[in-house]
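Spelled out, the chains give:
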Amino acid sequence: MVDIKAKVSEVLQQVGLPYGFVCKDEGHKQFIAYNINSNKAYKYFDDEEKITQYKITINIFSVYDFTEIQNKVEKYMQAAGFQKDYYPACIFIENMGIYNQPMYFNYYEEGEY
């Protein structure tokens, strides 16, 4: 079984920004926070889950243009086997003075048959 948290962390380390799992970062002008959820599998055999779907949410927080960061995250995530889901519109968090760009990815892990 894959350690999905370690796999995502390994990818985000390549981006070169501070990052963390479900974190709040104060003091950096740019940082990445991520979260992981797993969903029911699509295939069952004899009531056993055969495929696990992980949904990864990555939030880029930046006071600057984050386009280059977004491109790096997408490139590294896809190279590591994650599938791009969708990117909702960026929001500006007024009380923090920072932009938040969410990105969603999927990762599928097949079990043994």
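Quick note: structure is the one above.
All values reported here derive from a predicted model rather than from experimental measurement.

(A) The arrangement of the side chain of asparagine 106 in detail. If you trace the backbone, asparagine 106 turns up in strand S8 (residues 98-110). In terms of polar contacts, asparagine 106 uses its side chain to reach the side chain of lysine 55, at 3.1 Å. Beyond its immediate sequence surroundings of up to four residues, asparagine 106 is in contact with Gln53, Tyr54, Lys55, Phe82, Gln83 and Asp85.

(B) Seen up close, the pairing of strand S5 (residues 51-62). Counted residue by residue, S5 has 11 buried out of 12 residues, so it is predominantly covered. Relative to S5, strand S2 (residues 30-39) runs antiparallel, the two sharing 10 bridges. Within the sheet, the bridge partner assigned to serine 38 lies in S5 and is tyrosine 54. Bridge analysis of S5 against S8 gives 12 bridges, and the strand direction is antiparallel. The residue bridging isoleucine 60 from the neighbouring strand is glutamine 101, located in S8.

Rules of the game
Residues numbered from 1 in each chain as written. Predicted model: local features only at pLDDT ≥ 70, side-chain atom pairs only at ≥ 80, totals over all residues. Heavy atoms only, no water. Helix = DSSP H or I, 4+ residues; strand = E, 2+ residues; numbered from the N terminus. Polar contact = N/O pair within 3.5 Å; in protein donor to acceptor, adjacent residues only side chain to side chain. Contact = heavy atoms within 4.5 Å. Buried < 20%, exposed > 50% of the residue type's maximum accessible area, 1.4 Å probe, protein only. Pairing = 2+ DSSP bridges.

Taken by themselves, the reported measurements are silent on function.
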